[in-house]
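# A look at the structure
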Amino acid sequence: MPTKKARPTGRLILSGLTAFGYHGNNPAERKLGQTFTADLEVVLDTERAATSDSIHDTVSYPRLEETARKILEGDPANLLETVAERIATAILKYSAVAQVTVGTETRGRASSQPAPPRYYRHPGWGRPSVHDVRRRQAQSRGRGGI
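Residues numbered from 1 in each chain as written. Predicted model: local features only at pLDDT ≥ 70, side-chain atom pairs only at ≥ 80, totals over all residues. Heavy atoms only, no water.

## Some remarks on the packing of aromatic side chains
One pair of aromatic rings is described through two measures. These are the centre distance and the angle between the planes. A complete count under the given rule lists 1 aromatic pair for this structure. Both rings, one in Phe 20 and one in Tyr 22, keep their centres 5.5 Å apart while their planes meet at 85°; by these two values the pair is edge-to-face. Of the residues examined, Tyr 22 reaches a relative accessible area of 33% and is grouped as partly exposed. (Phe/Tyr/Trp six-rings, centres within 6.5 Å; stacked < 30°, edge-to-face > 60°. Buried < 20%, exposed > 50% of the residue type's maximum accessible area, 1.4 Å probe, protein only.)

Encoded structure:
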């Protein structure tokens, strides 16, 4: 008997996840590091988990946080877009996830020196920079989570 295809019925939102990393395109960002913030909006089938009341029918919040944090604290990237894309790709590996939106933002200055005038708009010089990435599953992988 065919099983009912999972459909997105709800979303999990994790906001304000902060971690220290060494992402950035200028040497000061790579050497000194800075604080990054990530916000996740995960679309998934919440109906099955609500009915079963089982963690196995959804995605665990701590796992989502751990996944994003490993990337924020992990291998440096030049661009926040790359960091957001890495997080989105990792979150979509959870079969219960239908879609994810990832927002990344810088929070700290990577240098104690004032920015030269040509860099006043550069996010690495203390001005917040926000990047959003939204991705969907390429194909249905069934249900399941954690």
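## As for the environment of Val 97
Following the sequence through the fold, Val 97 ends up in strand S3 (residues 97-106). When sequence neighbours within four positions are dropped, the list of residues in contact with Val 97 reads Val 42, Val 43, Leu 44, Val 59, Ile 91, Leu 92 and Gln 137. (Helix = DSSP H or I, 4+ residues; strand = E, 2+ residues; numbered from the N terminus. Contact = heavy atoms within 4.5 Å.)

## Description of the side chain of His 23
Mapped onto the secondary structure, His 23 falls in the loop between strand S1 (10-21) and helix H1 (27-32). Setting aside residues no more than four positions away along its own chain, His 23 makes contact with Glu 29, Arg 30, Gln 34, Phe 36, Ile 71, Leu 72, Gly 74, Asp 75, Pro 76, Ala 77 and Val 83.

## Section: the packing of helix H3 (residues 61-72) against helix H4 (residues 80-91)
Any two packed helices are characterised by the angle at which their axes cross and by the distance between the axes. The interhelical angle for the contact between H3 and H4, taken along N-to-C directions, is 145°, at an axis separation of 9 Å. Every pair of crossing elements has a handedness; the one defined by H3 and H4 is right-handed. Contact with H3, carried on its side by Leu 64, Thr 67, Ala 68, Ile 71 and Leu 72, involves Val 83, Arg 86, Ile 87, Ala 90 and Ile 91 of H4 and no other residues of that element. Across the contact of H3 with H4, the residue classes tally to 8 nonpolar, 1 polar and 1 charged. (Axes fitted to C-alpha atoms, helices over the stretch in contact; angles between N-to-C directions. Left-handed = near helix turned anticlockwise from the far one by under 90°. Nonpolar A, V, L, I, M, F, W, Y, C, P; charged D, E, K, R; others polar.)

## Some details on the pairing of strand S2 (residues 34-44)
Across the 11 residues of S2, 8 count as buried, placing the element largely inside the fold. Where S1 lies against S2, 10 bridges are found, and the strand directions are antiparallel. Counterpart to Arg 11 in the pairing with S2 is Val 43. Here S2 pairs with S3 via 9 bridges, running antiparallel. Looking across to S3, one finds that Phe 36 is bridged to Thr 106. (Pairing = 2+ DSSP bridges.)

## Focus: the environment of Phe 36
Note that Phe 36 resides in strand S2. Note on Phe 36: relative accessible area 1%, which makes it buried. Expressed as a C-alpha distance, the spacing of Phe 36 and Arg 107, which sit 71 residues apart in the sequence, is 5.6 Å. Excluding residues that lie within four positions of it along the chain, Phe 36 makes contacts with Leu 17, Thr 18, Ala 19, Gly 21, Tyr 22, His 23, Leu 72, Leu 80, Glu 105 and Thr 106.

## Quick look at the nonpolar core
Of all hydrophobic cores here, the largest spans 27 residues; its most connected members are Leu 40, Val 42, Leu 64, Leu 72, Ile 87 and Ile 91. Broken down by secondary-structure element, the contributors of at least two residues to this core are S1, S2, H3, H4 and S3. Considering every element that reaches this core, the biggest residue donor is H4, with 7 residues. (Core = buried A, V, L, I, M, F, W, Y, C linked by side-chain atoms within 4.5 Å.)

## A closer look at unusual backbone geometry
A positive phi is found at Asp 53, a non-glycine position, where the angle reads about 60°. Tracing the backbone through its elements, the reader meets Asp 53 in the loop between helix H2 (47-52) and H3.

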